[in-house]
Amino acid sequence: MTSDAPAIASAPASAPSDPDDVAVDALAADAPTRLTDRKRQAIVDAAIAEFREHGFEVANMDRIAARAQVSKRTVYNHFPGKDALFDAILERLWAATEAQVKLPYRGDLPLREQLLMLIAQKLAMSDDPQFLDLARVLIAEAIHAPQRARDMLCRLGGREEGLTVWIRAAMGDGRLKDLDPAFAAAQLQALVKGFSFWPQITMGQPPLDKAQQRQVAESAADMFLACYAVDAAS
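Let me sum up the structure you'll find in this document.

Conventions we followed
Residues numbered from 1 in each chain as written. Predicted model: local features only at pLDDT ≥ 70, side-chain atom pairs only at ≥ 80, totals over all residues. Heavy atoms only, no water. Salt bridge = Lys/Arg side-chain N within 4 Å of Asp/Glu carboxyl O. Helix = DSSP H or I, 4+ residues; strand = E, 2+ residues; numbered from the N terminus. Buried < 20%, exposed > 50% of the residue type's maximum accessible area, 1.4 Å probe, protein only. Phe/Tyr/Trp six-rings, centres within 6.5 Å; stacked < 30°, edge-to-face > 60°. Lys NZ or Arg CZ within 6 Å of the ring centre and 35° of its normal. Axes fitted to C-alpha atoms, helices over the stretch in contact; angles between N-to-C directions. Parallel < 35°, antiparallel > 145°, perpendicular 65-115°, else oblique. Contact = heavy atoms within 4.5 Å. Nonpolar A, V, L, I, M, F, W, Y, C, P; charged D, E, K, R; others polar. Core = buried A, V, L, I, M, F, W, Y, C linked by side-chain atoms within 4.5 Å. Expected span 1.5 Å × (residues − 1). Arc of directions from axis to C-beta.

**Focus: the pattern of salt bridges**
- Across all of its chains, the model carries six salt bridges by this definition.
- A salt bridge links Glu53 to Arg67; the nearest nitrogen and oxygen atoms lie 2.5 Å apart. With Glu53 in helix α2 (residues 32-54) and Arg67 in helix α3 (residues 61-68), the pair connects residues that are 14 residues apart, well separated along the chain.
- The exposed category is assigned to Glu53, whose relative accessible area is 53%.
- Accessibility expressed as a relative area gives 36% for Arg67, which makes it partly exposed.
- In this structure, Arg112 engages Asp222 in a salt bridge whose closest nitrogen and oxygen atoms are separated by 2.7 Å. Residue Arg112 is located in helix α6 (residues 111-125), and its partner Asp222 is located in helix α12 (residues 210-228); the two are separated by 110 residues in the primary sequence.
- On the accessibility criterion, Arg112 (29% relative accessible area) is partly exposed.
- Exposure remark for Asp222: the relative accessible area of 37% places this residue in the partly exposed category.

Shown next as C-alpha coordinates:
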(Lines give C-alpha, C1' and ligand atoms only; values in the text may rest on other atoms or scores of the structure.)
Protein backbone atom coordinates (compact mmCIF):
# COMPACT_ATOMS: atom_id res chain seq x y z
CA MET A 1 0.00 0.00 0.00
CA THR A 2 1.48 3.33 -0.96
CA SER A 3 1.47 6.07 1.63
CA ASP A 4 0.48 9.63 0.95
CA ALA A 5 3.71 11.40 2.03
CA PRO A 6 3.91 15.18 2.38
CA ALA A 7 5.50 16.92 -0.59
CA ILE A 8 7.21 19.67 1.44
CA ALA A 9 10.70 20.26 2.73
CA SER A 10 11.53 20.29 6.41
CA ALA A 11 11.42 23.73 7.98
CA PRO A 12 14.49 25.14 9.75
CA ALA A 13 14.50 24.48 13.46
CA SER A 14 14.22 28.19 14.21
CA ALA A 15 11.25 28.77 11.91
CA PRO A 16 7.60 28.26 12.87
CA SER A 17 6.55 24.89 11.48
CA ASP A 18 3.07 25.93 10.41
CA PRO A 19 0.68 28.92 10.58
CA ASP A 20 -1.72 26.78 12.59
CA ASP A 21 0.97 26.00 15.14
CA VAL A 22 1.88 29.70 15.37
CA ALA A 23 -1.72 30.35 16.37
CA VAL A 24 -1.39 27.72 19.08
CA ASP A 25 1.79 29.32 20.44
CA ALA A 26 0.11 32.71 20.58
CA LEU A 27 -2.53 31.53 23.04
CA ALA A 28 -2.28 31.66 26.81
CA ALA A 29 -0.27 28.93 28.49
CA ASP A 30 -3.31 26.86 29.47
CA ALA A 31 -5.01 27.06 26.07
CA PRO A 32 -2.77 25.33 23.45
CA THR A 33 -3.68 21.83 24.52
CA ARG A 34 -7.36 22.55 24.05
CA LEU A 35 -6.80 24.10 20.62
CA THR A 36 -4.50 21.26 19.60
CA ASP A 37 -7.14 18.76 20.69
CA ARG A 38 -9.76 20.60 18.64
CA LYS A 39 -7.52 20.50 15.57
CA ARG A 40 -6.87 16.80 16.06
CA GLN A 41 -10.59 16.13 16.41
CA ALA A 42 -11.31 18.18 13.26
CA ILE A 43 -8.72 16.15 11.35
CA VAL A 44 -10.23 12.84 12.47
CA ASP A 45 -13.73 14.10 11.59
CA ALA A 46 -12.46 15.08 8.15
CA ALA A 47 -10.81 11.68 7.69
CA ILE A 48 -14.07 9.92 8.56
CA ALA A 49 -15.89 11.91 5.87
CA GLU A 50 -13.07 11.37 3.37
CA PHE A 51 -12.78 7.62 3.97
CA ARG A 52 -16.53 7.18 3.78
CA GLU A 53 -16.77 9.09 0.50
CA HIS A 54 -13.68 7.75 -1.27
CA GLY A 55 -12.49 4.66 0.62
CA PHE A 56 -9.13 4.26 2.33
CA GLU A 57 -6.94 3.72 -0.72
CA VAL A 58 -8.27 6.70 -2.70
CA ALA A 59 -8.55 9.02 0.30
CA ASN A 60 -6.26 12.02 -0.03
CA MET A 61 -4.43 13.89 2.73
CA ASP A 62 -4.82 17.19 0.88
CA ARG A 63 -8.59 16.81 0.88
CA ILE A 64 -8.55 15.78 4.55
CA ALA A 65 -6.59 18.94 5.39
CA ALA A 66 -9.04 21.06 3.39
CA ARG A 67 -12.06 19.45 5.08
CA ALA A 68 -10.48 20.06 8.51
CA GLN A 69 -9.55 23.64 7.53
CA VAL A 70 -5.93 23.18 8.55
CA SER A 71 -2.69 22.99 6.58
CA LYS A 72 -1.38 19.68 5.28
CA ARG A 73 1.63 20.01 7.57
CA THR A 74 -0.67 20.29 10.58
CA VAL A 75 -2.30 17.01 9.53
CA TYR A 76 1.11 15.33 9.38
CA ASN A 77 2.13 16.86 12.72
CA HIS A 78 -0.71 14.86 14.26
CA PHE A 79 -0.78 11.81 12.00
CA PRO A 80 2.16 10.52 9.92
CA GLY A 81 -0.15 8.95 7.36
CA LYS A 82 -3.51 7.43 6.55
CA ASP A 83 -2.80 4.33 8.61
CA ALA A 84 -2.42 6.45 11.75
CA LEU A 85 -5.63 8.30 10.91
CA PHE A 86 -7.46 5.03 10.46
CA ASP A 87 -6.16 3.82 13.82
CA ALA A 88 -7.48 7.04 15.40
CA ILE A 89 -10.92 6.35 13.92
CA LEU A 90 -10.84 2.84 15.36
CA GLU A 91 -9.82 4.19 18.76
CA ARG A 92 -12.69 6.68 18.68
CA LEU A 93 -15.20 3.97 17.83
CA TRP A 94 -13.89 1.79 20.63
CA ALA A 95 -13.96 4.70 23.08
CA ALA A 96 -17.55 5.50 22.11
CA THR A 97 -18.53 1.89 22.72
CA GLU A 98 -16.74 1.73 26.07
CA ALA A 99 -18.24 5.02 27.23
CA GLN A 100 -21.75 3.80 26.50
CA VAL A 101 -21.48 0.51 28.38
CA LYS A 102 -20.01 1.20 31.81
CA LEU A 103 -22.74 -0.12 34.09
CA PRO A 104 -21.16 -2.36 36.75
CA TYR A 105 -22.81 -5.57 37.83
CA ARG A 106 -24.93 -5.23 40.98
CA GLY A 107 -25.86 -8.20 43.09
CA ASP A 108 -28.77 -6.36 44.69
CA LEU A 109 -30.68 -5.73 41.44
CA PRO A 110 -32.64 -8.19 39.27
CA LEU A 111 -30.64 -9.39 36.26
CA ARG A 112 -33.42 -8.41 33.86
CA GLU A 113 -33.43 -4.82 35.11
CA GLN A 114 -29.67 -4.57 34.65
CA LEU A 115 -29.76 -6.19 31.22
CA LEU A 116 -32.42 -3.75 30.05
CA MET A 117 -30.21 -0.83 31.10
CA LEU A 118 -27.21 -2.31 29.27
CA ILE A 119 -29.22 -2.98 26.13
CA ALA A 120 -30.73 0.51 26.26
CA GLN A 121 -27.21 1.96 26.08
CA LYS A 122 -26.41 -0.24 23.10
CA LEU A 123 -29.57 0.92 21.36
CA ALA A 124 -28.71 4.55 22.06
CA MET A 125 -25.51 4.21 20.04
CA SER A 126 -27.52 3.27 16.97
CA ASP A 127 -29.27 6.65 17.26
CA ASP A 128 -25.93 8.48 17.07
CA PRO A 129 -25.13 9.54 13.48
CA GLN A 130 -21.41 9.95 14.23
CA PHE A 131 -21.19 6.46 15.69
CA LEU A 132 -22.88 5.04 12.60
CA ASP A 133 -20.50 6.98 10.33
CA LEU A 134 -17.52 5.56 12.22
CA ALA A 135 -18.92 2.06 11.95
CA ARG A 136 -19.58 2.40 8.20
CA VAL A 137 -16.02 3.52 7.53
CA LEU A 138 -14.49 0.69 9.52
CA ILE A 139 -16.80 -2.00 8.14
CA ALA A 140 -16.14 -0.88 4.56
CA GLU A 141 -12.40 -1.05 5.12
CA ALA A 142 -12.66 -4.43 6.82
CA ILE A 143 -14.45 -5.79 3.75
CA HIS A 144 -11.91 -4.22 1.38
CA ALA A 145 -8.80 -5.09 3.42
CA PRO A 146 -9.59 -7.88 5.89
CA GLN A 147 -5.96 -8.20 7.00
CA ARG A 148 -6.02 -4.61 8.22
CA ALA A 149 -9.14 -5.37 10.25
CA ARG A 150 -7.52 -8.47 11.77
CA ASP A 151 -4.40 -6.47 12.70
CA MET A 152 -6.48 -3.78 14.38
CA LEU A 153 -8.52 -6.31 16.32
CA CYS A 154 -5.31 -7.99 17.48
CA ARG A 155 -4.00 -4.67 18.80
CA LEU A 156 -7.24 -4.20 20.73
CA GLY A 157 -7.48 -7.81 21.81
CA GLY A 158 -6.48 -7.11 25.38
CA ARG A 159 -9.49 -4.90 25.98
CA GLU A 160 -12.70 -6.47 27.18
CA GLU A 161 -16.10 -5.10 26.28
CA GLY A 162 -18.30 -3.91 29.15
CA LEU A 163 -21.08 -6.43 28.56
CA THR A 164 -18.57 -9.29 28.78
CA VAL A 165 -17.34 -7.94 32.13
CA TRP A 166 -20.92 -7.73 33.41
CA ILE A 167 -21.71 -11.30 32.36
CA ARG A 168 -18.55 -12.61 34.02
CA ALA A 169 -19.48 -10.83 37.26
CA ALA A 170 -23.03 -12.22 37.22
CA MET A 171 -21.65 -15.69 36.54
CA GLY A 172 -19.18 -15.34 39.43
CA ASP A 173 -22.09 -14.37 41.68
CA GLY A 174 -23.81 -17.64 40.81
CA ARG A 175 -26.72 -16.02 38.97
CA LEU A 176 -25.75 -17.12 35.47
CA LYS A 177 -24.84 -20.63 34.35
CA ASP A 178 -21.25 -21.61 33.62
CA LEU A 179 -20.65 -20.18 30.15
CA ASP A 180 -18.16 -18.37 27.92
CA PRO A 181 -18.75 -14.68 28.78
CA ALA A 182 -17.40 -13.37 25.46
CA PHE A 183 -19.59 -15.77 23.47
CA ALA A 184 -22.68 -14.94 25.52
CA ALA A 185 -22.03 -11.19 25.11
CA ALA A 186 -21.66 -11.56 21.34
CA GLN A 187 -24.84 -13.63 21.25
CA LEU A 188 -26.83 -10.99 23.13
CA GLN A 189 -25.45 -8.20 20.96
CA ALA A 190 -26.41 -10.14 17.84
CA LEU A 191 -30.01 -10.26 19.09
CA VAL A 192 -29.98 -6.47 19.44
CA LYS A 193 -27.90 -5.47 16.42
CA GLY A 194 -30.02 -7.53 14.06
CA PHE A 195 -32.71 -4.89 14.60
CA SER A 196 -30.79 -1.77 15.61
CA PHE A 197 -27.44 -1.51 13.85
CA TRP A 198 -27.11 -3.69 10.79
CA PRO A 199 -30.35 -2.50 9.13
CA GLN A 200 -29.21 1.12 9.63
CA ILE A 201 -25.64 0.41 8.45
CA THR A 202 -26.39 -1.77 5.44
CA MET A 203 -29.83 -0.67 4.27
CA GLY A 204 -30.10 2.91 5.50
CA GLN A 205 -33.14 2.19 7.64
CA PRO A 206 -34.09 4.85 10.21
CA PRO A 207 -33.31 4.31 13.88
CA LEU A 208 -35.89 2.43 15.91
CA ASP A 209 -38.49 4.49 17.73
CA LYS A 210 -38.89 4.16 21.49
CA ALA A 211 -41.57 1.48 21.32
CA GLN A 212 -39.48 -0.60 18.92
CA GLN A 213 -36.40 -0.20 21.11
CA ARG A 214 -38.35 -1.39 24.13
CA GLN A 215 -39.63 -4.43 22.24
CA VAL A 216 -36.13 -5.38 21.05
CA ALA A 217 -34.61 -4.86 24.51
CA GLU A 218 -37.24 -6.83 26.41
CA SER A 219 -37.30 -9.77 24.02
CA ALA A 220 -33.48 -9.96 23.90
CA ALA A 221 -33.19 -9.85 27.69
CA ASP A 222 -35.90 -12.48 28.13
CA MET A 223 -34.30 -14.83 25.59
CA PHE A 224 -30.88 -14.40 27.19
CA LEU A 225 -32.13 -15.09 30.72
CA ALA A 226 -34.26 -18.03 29.61
CA CYS A 227 -31.09 -19.63 28.28
CA TYR A 228 -28.51 -18.64 30.88
CA ALA A 229 -30.10 -17.52 34.18
CA VAL A 230 -29.73 -19.94 37.09
CA ASP A 231 -33.06 -18.73 38.48
CA ALA A 232 -35.65 -17.99 35.80
CA ALA A 233 -37.12 -15.30 38.08
CA SER A 234 -33.85 -13.31 37.98
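**Let's talk about the packing of aromatic side chains**
- Per the counting criterion, the structure on display carries four aromatic pairs.
- Their ring planes at 65 degrees and their centres at 6.0 Å tell us that Tyr105 and Trp166 sit as a pair that is edge-to-face. Taken together, the residues span a long stretch of sequence, with Tyr105 in the loop between α5 (82-100) and α6 and Trp166 in helix α9 (residues 162-172) at a distance of 61 residues. We note that Tyr105, like Trp166, is buried.
- Sitting over the face of the ring of Phe197, Lys193 holds its NZ or CZ atom 5.2 Å from the ring centroid.

**Regarding the packing of α6 against α9**
- At a minimum axis separation of 12 Å, α6 and α9 run at an interaxial angle of 175 degrees. Viewed along their axes, α6 and α9 adopt a mutual orientation that is roughly antiparallel. Residue-level inspection shows Leu111, Gln114, Leu115 and Leu118 of α6 in contact with α9, the latter providing Leu163, Trp166 and Ala170.
- For the contact of α6 with α9, the per-class residue count stands at six nonpolar, one polar and no charged.

**Some points on the side chain of Gln189**
- One can find Gln189 in helix α10 (residues 181-193).
- Sequence-distant contacts of Gln189, that is, excluding residues within four places in its chain, are made with Lys122, Glu161 and Leu163.

**Section: the nonpolar core**
- Counting residues in hydrophobic clusters, the biggest one holds 30 residues, and the most contacted among them are Ile43, Phe51, Ile64, Leu85 and Ile89.
- Listing elements by their share of this core, those giving two or more residues are α2, α3, α4 (72-78), α5 and α7 (129-144).
- Apart from residues no more than four positions distant in its own chain, Phe51 is found in contact with Phe56, Ala59, Ile64, Lys82, Leu85, Phe86, Ile89 and Val137.
- In terms of nonpolar packing, the next biggest core, distinct from the first, is built from 25 residues, Leu118, Ala170, Ala184 and Ala220 among them.

**A closer look at α12**
- Along its 19 residues, α12 runs 27 Å from first to last C-alpha, staying within 8% of the 27 Å computed at 1.5 Å per residue.
- Along α12, the positions that sit buried rather than exposed are Gln213, Val216, Ala217, Ala220, Ala221, Phe224, Leu225 and Tyr228. Across the axial projection of α12, the buried residues extend over an arc of 145 degrees, all falling on one side. For α12, exposure combined with an orientation more than 90 degrees from the buried face picks out Gln215, Met223 and Ala226.
- Taken together, the buried residues of α12 touch α6, α9 and α10.

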